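Topology and contacts: notes
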Amino acid sequence: MFDLALSEAGAQIILATSSDDKYPPENMIDGKDDTFWTTCGLYPQEFIIKFTSLVSINTIQISCYNVKKLKMEVSSDDNQAFKTLAEKELQPSDSAPQSEEISGRNVKAMNLRVVIESGYDHFCAVYKICVHGNAERS
Amino acid sequence: MPAVIRAKCIVVGDAGVGKSAICQLFTSDGSHFPKNYTLTMGAEFMVKPVVIPDTQDTVEMYMYDSAGKEIFTDMVMKFWDHPSMMIVVYDVTSETSFSSCEKWIERVRSQKPDVPFPGALVANKIDLEQRRIVGPKAGKELAMKTGLDYYECSAKEMQNVDTPFYFLASEYYKLYQEKVELFKAFVA
Ligand SMILES: Nc1nc2c(ncn2[C@@H]2O[C@H](COP(=O)(O)OP(=O)(O)OP(=O)(O)O)[C@@H](O)[C@H]2O)c(=O)[nH]1
Ligand SMILES: [Mg+2]
């Protein structure tokens, strides 16, 4: 299994609702633990990761801060509507990033949309998102 | 590209105190003071970008000018989820509007009880000197008690209307910077 959400592997952030150039959304998929994306105020916030090809998702790991309600959705190609994969309410954390693992149930996806529906503060950070799985044979 | 920080600014207070006048003046850069009273039904929404001095960053203020008439309250409160900041306005010639402020503050704060957010208490219509009943001392005391910053203005004379907005924008921007420092500290 690979981390499919790596910019090195060709994954791309095709949409993000906040952008401070100092903390861009690409920081979530650069493979580093110490860089992050910040949301710049208001809810909901979201970003979409596009994989290089159709993939099958085993697990998703997200490391973030101040996130409360989180929703993950997938679409199997660019013309398909997004379907909900998981909805979670994260526990608050004081002194370290939150870390959450979500089962992908081997769902087929071309795009992954992550929605932060609410937070424990005005601003959230997402440090890293790893999507473990395999490329689908076409 | 500079950062654009977004803030939801809830503007509340009794009917007729001048909320719409203040919001319209601020968003029109002082070119529009509504002389005749048109009561707001529900909430009116407007956006105004504020550039933060000495930076290239902007705080975009999404303002919710809310109706003061009680019959609209349940309806307007639906627009208030996730507030970033609030402006509470009263009319210095109306004791009632002043005593209502705490009720308005409570209502906005109840939306996000765990998350502190900046707010301003604005004493409007200071041009009506002869009819003024609520003095600066009472205003400042209430502001102190409720944790808001106190401002006086006259929308009619276009005096000091922008100041509370600029103050809130810069407070919010500071909050953002503090949070970013915290985010960094976790992984430093
Ligand atoms: N003299 C004076 N009149 C003002 C001032 N600001 C507003 N007014 C007048 O007060 C009246 C009410 O102003 P609005 O801004 O509509 O009041 P509001 O708070 O939005 O009222 P609602 O929408 O009903 O909650 C209008 O006739 C305004 O022209 C001021 O600074 N001085
Ligand atoms: Mg109004």
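Residues numbered from 1 in each chain as written. Chains lettered and ligands numbered in written order. Predicted model: local features only at pLDDT ≥ 70, side-chain atom pairs only at ≥ 80, totals over all residues. Heavy atoms only, no water.

When the UniProt feature table is mapped to this numbering, "domain: F5/8 type C" (unreviewed entry) covers residues 16-124 of chain A. Overall, residues 16-124 of chain A shows 0% helix and 57% strand. The separation of its end C-alpha atoms is 13 Å. (UniProt positions renumbered as here; feature names shortened; annotations may be inferred. Helix = DSSP H or I, 4+ residues; strand = E, 2+ residues; numbered from the N terminus.)

The next thing to look at is the interface of chain A and chain B. The interface of chain A with chain B comprises 31 residues on the first partner and 26 residues on the second. A combined buried area of about 2,200 Å² lies between chain A and chain B, and 64% of that area is made up of carbon and sulfur atoms. Considering only the side of chain A, the residues that lose the most area to chain B are Leu42, His122 and Phe123 of chain A, jointly responsible for 30% of the buried surface there. For the pair chain A and chain B, the number of links is one salt bridge. The tally of links from chain A across to chain B stands at seven residue pairs in polar contact (both at pLDDT 80 or more). Among the elements of the structure, strand E7 (98-119) and strand E8 (125-135) of chain A are those that each provide at least two residues to the side of chain A that touches chain B. (Contact = heavy atoms within 4.5 Å. Buried area = accessible area lost by both parts, 1.4 Å probe. Salt bridge = Lys/Arg side-chain N within 4 Å of Asp/Glu carboxyl O. Polar contact = N/O pair within 3.5 Å; in protein donor to acceptor, adjacent residues only side chain to side chain.)

With that out of the way, let us pick up the site of ligand 1. Residue and element names in this part refer to chain B. Surrounding ligand 1, one finds 25 residues, the nearest of these being Lys19, Tyr37, Thr40, Gly68 and Asp127. Coverage of ligand 1 by the protein chains reaches 92% of its 650 Å² of free accessible surface. Per-element tally for the shell around ligand 1: the top contributor is helix H1 (residues 19-27), with three residues. In terms of residue class, the shell around ligand 1 is built from 10 nonpolar, nine polar and six charged. (Near = heavy atom within 4 Å. Areas by Shrake-Rupley, 256 points an atom, 1.4 Å probe, with all protein chains shown as cover. Nonpolar A, V, L, I, M, F, W, Y, C, P; charged D, E, K, R; others polar.)

One way to say it: the disulfide is the covalent bond shared by the sulfur atoms of two cysteines. For the coordinates displayed, the defined rule picks out zero disulfides over all chains. In this model Cys124 of chain A remains outside any disulfide bridge; the closest cysteine sulfur is found in Cys64 of chain A, 7.7 Å from its own. Free cysteine Cys23 of chain B: the closest other cysteine sulfur is in Cys9 of chain B, separated by 7.1 Å. Given the relative accessible area of 0%, Cys23 of chain B is considered buried. (Disulfide = S-S within 2.5 Å. Buried < 20%, exposed > 50% of the residue type's maximum accessible area, 1.4 Å probe, protein only.)

Time to look at the coordination of the magnesium ion (ligand 2). Protein-derived coordination of the magnesium ion (ligand 2) comes from Ser20 of chain B (OG) and Thr40 of chain B (OG1), at a distance range of 1.9 to 2.0 Å. With Ser20 of chain B in helix H1 and Thr40 of chain B in the loop between H1 and strand E2 (43-51), this pair connects stretches of sequence that are 20 residues apart. (Donors = N, O, S within 2.8 Å, 3.2 Å for Na, K, Ca; no water.)

Okay, the confidence of the model for chain A next. The share of residues in chain A with pLDDT of 70 or more is 99%, and the mean pLDDT across the chain is 95. Here strand E1 (residues 2-3) of chain A stands out as the least confident element of chain A, with mean pLDDT 88; strand E3 (residues 37-38) of chain A is the most confident, with 98. (pLDDT = per-residue confidence, 0-100.)

On to helix H5 (residues 136-146) of chain B, then. Residue and element names in this part refer to chain B. Within the sequence span of H5, burial applies to Gly139, Leu142, Ala143 and Thr146. The buried residues of H5 all sit within an arc of 100° when viewed along its axis, so they share a single face. Opposite the buried face of H5, by more than 90 degrees, sit the exposed residues Lys137, Met144 and Lys145. Each element contacted by the buried residues of H5 is listed here: strand E4 (85-91), helix H3 (95-99), helix H4 (101-109), strand E5 (119-124) and strand E6 (149-152). (Arc of directions from axis to C-beta.)

Residues in a regular strand point their side chains to alternate faces of the sheet. Residues and elements named next belong to chain B. Summarising the sheet, E5 and E6 pair through four bridges and their orientation is parallel. Counterpart to Leu121 in the pairing with E6 is Tyr150. Since E5 and E6 lie parallel, the crossover through H5 that links them has a hand, and here it is right-handed. (Pairing = 2+ DSSP bridges. Right-handed = clockwise from strand over helix to strand, strands pointing away.)

Of note, the bond from Tyr43 of chain A into Pro44 of chain A is cis; its omega dihedral lies within 30 degrees of zero at -5°. A positive phi is found at Lys125 of chain B, a non-glycine position, where the angle reads about 70°. Relative to the helices and strands, Lys125 of chain B is located in the loop between E5 and H5.

With that out of the way, let us pick up the packing of aromatic side chains. Summed over the entire model, instances satisfying the criterion amount to 14 aromatic pairs over all chains. Their ring planes at 5° and their centres at 5.1 Å tell us that Tyr23 of chain A and Phe36 of chain A sit as a pair that is stacked. Here Tyr23 of chain A is found in the loop between strand E2 (12-16) and E3, whereas its partner Phe36 of chain A is found in the loop between E2 and E3, with 13 residues between them in sequence. On the basis of relative accessible area, Tyr23 of chain A is assigned to the buried category, the value being 12%. In this structure Phe36 of chain A comes out as buried when scored by relative accessible area, which is 3%. Between Tyr65 of chain A and Phe183 of chain B, the ring centres sit 6.0 Å apart and the planes meet at 70°, which makes this aromatic pair edge-to-face. With one member in each of two chains, Tyr65 of chain A in strand E4 (residues 45-65) and Phe183 of chain B in helix H6 (residues 163-187) form a pair that bridges those chains. The pair formed by Tyr65 of chain A and Phe183 of chain B is uniform in burial state, with each residue classed as buried. Aromatic rings pair up to connect Tyr23, Phe36, Tyr65 and Tyr127 of chain A together with Phe183 and Phe186 of chain B into one cluster. Taking the ring centre of Phe82 of chain A as reference, the NZ or CZ of Arg113 of chain A above it sits at 4.5 Å. (Phe/Tyr/Trp six-rings, centres within 6.5 Å; stacked < 30°, edge-to-face > 60°. Lys NZ or Arg CZ within 6 Å of the ring centre and 35° of its normal.)

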